[in-house]
Amino acid sequence: MTTTDPRVAGGDVSPAAFRHAIGHFATGVTVVTSVGIDGQPVGTTANAVSSLSLDPPLILVCFDRSSQTLEAVLAHGAFAVNVLGARQQHLSANFARRGLSAAWDGVRHRRGQTGSPRLEDVIASLEATVEHRLDGGDHEIIVGRVREVETSGDDTAPLVFWRGSYASLG
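Summarised in this report is the structure supplied together with it. Every chain begins its residue count from 1, and numbering advances along the sequence as written. Residue-level local features of this predicted model are given only where pLDDT is at least 70; pairs of side-chain atoms are given and counted only at 80 or more, and the full residue set underlies all totals for whole chains, interfaces and linings. The basis for every side-chain value is the complete set of heavy atoms in the structure, and neither hydrogens nor water enter the calculation.

**What about the sheet that holds strand 12 (residues 165-167)?**
Okay, so step 1: Across the sheet, three strands lie side by side as 1-11-12; this open sheet has antiparallel pairing. Both edges of this open sheet fall to strand 1 (27-28) and strand 12, since each of them pairs with a single strand only.
Okay, so step 2: Across three bridges, the pairing between strand 11 (residues 160-162) and strand 12 is antiparallel. Looking at the pairing, tryptophan 162 lines up with serine 165 of strand 12. Only when DSSP finds a minimum of two bridges between them are two strands counted as paired. What counts as a helix is a DSSP run of H or I of at least four residues, what counts as a strand is a run of E of at least two, and both are numbered from the N terminus.

**Brief notes about the layout of surface pockets**
Okay, so step 1: The definitions used throughout rest on a 1 Å grid laid over the protein atoms alone, on which a cavity is an enclosed set of points accommodating a 1.4 Å probe that cannot get out and a pocket is an open set flanked by protein within 12 Å on both sides along at least five of seven lines; lining residues are those having an atom within 4 Å of a point. Grid points are joined across faces, edges and corners, and a volume is the space filled by probe spheres set on the points. Looking at the largest pocket, its volume works out to about 1800 Å³.
Okay, so step 2: At the level of secondary structure, the elements contributing two or more residues to the lining of the largest pocket comprise helix 1 (15-22), strand 3 (41-46), strand 5 (58-64), helix 2 (68-76) and helix 3 (89-96).
Okay, so step 3: A total of six residues in the lining of the largest pocket trace back to one element, the largest contributor, which is strand 3.
Okay, so step 4: Here the second largest pocket is characterised by a volume of approximately 160 Å³.
Okay, so step 5: Every residue lining the second largest pocket is listed: Gly28, Val29, Thr30, Ala46, Asn47, Val49, Ser50, Ile59, Val81, Val83, Ala124 and Leu126.
Okay, so step 6: Mapped onto the lining of the second largest pocket, the elements with two or more residues apiece are strand 4 (49-53), strand 6 (78-83) and strand 9 (124-136).
Okay, so step 7: Side-chain classes are defined by residue name, with Ala, Val, Leu, Ile, Met, Phe, Trp, Tyr, Cys and Pro counting as nonpolar, Asp, Glu, Lys and Arg as charged, and the others, Gly among them, as polar. Residue composition of the lining of the second largest pocket, grouped by class: eight nonpolar, four polar and no charged.

Structure (structure tokens):
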């Protein structure tokens, strides 16, 4: 294992080195959805998602500043985090494509309590309203207050992303 003394390090880590290192941290995969200004559903694949607080229930989501979904979340004031199961890699790939309106073709969903789209057959969904916006470098951090949750009744394994690829547990 390579370490650097933080008292000596210049702090100039390249984006490529950072991406490589953080890729060693396994994450779950979600699709974050909201409603665009035109009333149409929007969504993006995200793994920079984390629980933040139990009381009150807060969730943190990070969006690229150029994200159309970020624009929709801010305008709509609400979003849904749809947690994907191991068999839903196709949804992850589908919503990872930038600016593709066809992303919703054939995707079963319903409007939730906040009006945000909730994908059918995901292992969990959390609906939230925007509480805070924070600067996150080339991303914007959205903190949402969770208003509604739903989990599947089965024991489907989560979709996991690790070292640039999908992985499975067990």
